[in-house]
Amino acid sequence: MQRPDMSVAVAGIKMRNPVMTASGTFGYGAEFADYLDLESIGAMISKGLSLKPKAGNPTPRIVETPGGMLNAIGLQNVGIDAFIEQKLPYLKNVNTPVIVNLYGNTLEEYGEVAARLDGLSGVAGIEVNISCPNVKQGGIVFGTDPGAAQEVVRLVKKNTSKPMIVKLSPNVTDVVLMAKACADAGADALSLINTLTGMAIDLERRRPVLANVTGGLSGPAIKPVALRMVWQVARAVKLPLIGIGGIMNGRDALEFMLAGATAVQVGTASFLDPSAAQRIAGEMEQYLVDHKIDSVSSLIGALEV
Amino acid sequence: MQFKSMVVSNVELSPNYFRMRMTAPQELLASAPGQFLMLKVTDAIDPLLRRPFGLFDVGTFTAEYAGCGAQTYCEILYKVVGKGTKLLAALHHGDVVDLLAPLGRGFDLGPAGEEKVLVGGGVGLAPLYYLAKALVERGEKVRLFAGGRNRDDILCITEFERLGVETYVATDDGTLGESGFVTQVLERHLNKGMRIFACGPTPMLDAVAKMSARHEVPCQVSMEAYMACGVGACLGCVMKGANHTEATPDYRCVCKDGPVFDSFDLQWS
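Note that the structure is a prediction, hence the values are computed from the model and not measured.

Visitor: Quick question: what am I supposed to make of the overall build of chain B here?
Guide: Check the secondary structure of chain B and you find five helices and 16 strands. Its C-alpha radius of gyration of 18 Å places chain B within 12% of the 18 Å reference for a compact globule of 269 residues. Seen through its principal axes, chain B has C-alpha atoms that stretch 55 × 45 × 35 Å. Buried positions account for 57% of the 269 residues belonging to chain B. Across chain B, the fraction of contacts at a sequence separation of at least 24, relative to all contacts at a separation of at least 6, is 64%. In chain B, 26 side chains carry a positive charge and 31 a negative one; their mean positions are 2 Å apart.

Visitor: Help me understand the pairing of strand E2 (residues 17-23) of chain B in this model?
Guide: On a regular strand, one side chain projects to one face of the sheet and the next to the other, so that they alternate. All names here are of chain B. By the criterion of burial, E2 is predominantly enclosed, with seven of the seven residues buried. Side chains Tyr17, Arg19, Arg21 and Thr23 of E2 all project onto a buried face; the interleaved residues Phe18, Met20 and Met22 project onto the opposite face, where all are buried too. Of the strand pairs in this sheet, strand E1 (residues 2-14) and E2 are connected by six bridges, and their pairing is antiparallel. Each residue of the ladder has a partner; that of valine 7, found in E2, is methionine 22. Two successive antiparallel strands, E1 and E2, enclose a turn made up of two residues, where asparagine 16 displays a positive phi of approximately 75 degrees. Sheet topology note: the E2/strand E6 (residues 70-79) ladder contains seven bridges and is antiparallel. When the bridges of E6 are listed, tyrosine 17 appears paired with lysine 79.

Visitor: Just to check I follow, could you spell out the pattern of salt bridges for this structure?
Guide: Two side chains that carry opposite charge are able to pair once their charged atoms sit near each other. All names here are of chain B. For the structure shown, the criterion picks out 27 salt bridges over all chains. Between lysine 133 and aspartate 57 there is a salt bridge, and its shortest N-O distance comes to 2.7 Å. With lysine 133 in helix H2 (residues 125-137) and aspartate 57 in strand E5 (residues 57-62), the pair connects residues that are 76 residues apart, well separated along the chain. According to the relative accessible area criterion, lysine 133 is partly exposed, its value standing at 22%. Glutamate 216 serves as the salt-bridge partner of lysine 192, at 3.2 Å between the closest nitrogen and oxygen. One end of the pair, lysine 192, is in the loop between helix H4 (182-189) and strand E12 (194-199); the other, glutamate 216, is in the loop between helix H5 (202-215) and strand E13 (219-222), and 24 residues separate them in sequence. Across the pair, exposure class does not vary: lysine 192 and glutamate 216 are exposed alike.

Visitor: Explain the UniProt feature "binding site: substrate" (unreviewed entry) in chain A here, please?
Guide: All names here are of chain A. According to UniProt, the positions carrying the feature "binding site: substrate" (unreviewed entry) are Lys47, Asn71, Ala72, Ile73, Gly74, Leu75, Asn129, Asn194 and Thr195. Along the chain, isoleucine 73 falls in the loop between strand E6 (68-71) and helix H1 (80-92). You can call isoleucine 73 buried: its relative accessible area is 6%. Mapping asparagine 129 onto the fold places it in strand E8 (residues 125-129). Here asparagine 129 falls in the buried class, since its relative accessible area comes to 4%.

Calculation notes
Residues numbered from 1 in each chain as written. Chains lettered and ligands numbered in written order. Predicted model: local features only at pLDDT ≥ 70, side-chain atom pairs only at ≥ 80, totals over all residues. Heavy atoms only, no water. Helix = DSSP H or I, 4+ residues; strand = E, 2+ residues; numbered from the N terminus. Rg over C-alpha atoms; globule rule 2.2 N^0.38 Å. Buried < 20%, exposed > 50% of the residue type's maximum accessible area, 1.4 Å probe, protein only. Contact = heavy atoms within 4.5 Å. Lys, Arg positive; Asp, Glu negative; His and termini not counted. Charge placed at Lys NZ, Arg CZ, Asp CG, Glu CD. Pairing = 2+ DSSP bridges. Salt bridge = Lys/Arg side-chain N within 4 Å of Asp/Glu carboxyl O. UniProt positions renumbered as here; feature names shortened; annotations may be inferred.

As structure tokens, this is what we get:
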């Protein structure tokens, strides 16, 4: 049997396989080059970038919980200009699509960051973060109000000719409502889910563990929630979806594809296994070989209910 | 590097303190004292993250089996404090763990000829032993100041002495060495022309950093922090640089910019 066709395309971004690295978990790419072949994965997504460099939150910023971890990094990043000057030249030499995750403290900043990336070679697409739970301004404010989300998406769309993915928050009552709002406003694809807001308490000190008090929960603990949301949105919205949430191995990734995702993002798994994204792509391919499936795209939304 | 490693031995040195030897690829011999490894204790998802440990020793040994060649090893020193280290303490010869190593920035050994002063508390002695070996190999005069709450916290002193290191011990309760803080003992012996290397609890490092500034003695500290990735990607382990303010933030990654820092590069209490 020939090797199965692992390629997929999300909003015109062609990828050799469906495995992307999630924003905030893969640095700016180069950090992981010693541990995996960057040209073996589907796409890389940068750390969330803002107009100006951002320092992030005080420490402690992370804590482990059963089957997961909470983080309150607070979107620390070098800023869009430093990214373009210092990080992008390296990434341009890697034959893998680079998607830039961006956010703004204000509506205007979202538009400005998107505009600075427009026309830049080496940027295959953008992912708009309207869902970070760890910053007061921007992020979650836009991700929990359908009207505000639409404003952001419309403005960014006006300022970019690149494929635009919108990353959704799970911290809403109805994720389908948010997905529809973003689709109507012009999103080319949706990625879901960002982290779930959570909390950990130090019983000895009787204080929150994280300096920010709350943080974003990621890891295998959130996979069932993420799968459910991908499945719900897939049935209601026609856009390509990227499934995110606790993917640790090829089987997890394929579950997301059955639920309706065209591609997946690997996040926390890269922390405990820096080669996770490459390994997961290999495990997916092996599943296809074992089950005599020709093409990974034939599994998208193939869940029988 | 990411590699599988076999546990060679895992010995309890004193209550709750263990020393574990693991096989390692030959390339690890090129690691620097002060660098660390990230260890995945179990394939299960709880605990999920790797655990960071300073390299206590790196070298080669020949196992007592017929036909065995020299094998590179690395060692860690750890205290059982939570779920991860409890599982670690239950590992035996032949068990396999997954390692990332060597990681981070190690100690700068400094110019030859100065007296080198090592200050350690509890498992903070771990990177200092590897450092002491490197310094002694260069023919340097090395002194060790070791501190702890009680005698159980004072680890591997005889190993340091075997290297020819002059050792000073202080415990809070006086059960071994002098009674009191190790920093008090250190201060009596501190002179210009020395260079300090310290690792241990943050309050101890804070005191050492301030003392080194007072005495104008260069000082490097090896820091500990909660970490997720160990390679500078997650930004979870940062600490404040010397000039950090709310308005002009300056965070340094312990895993990538450290774990060893010049003490004047960090902000102390």
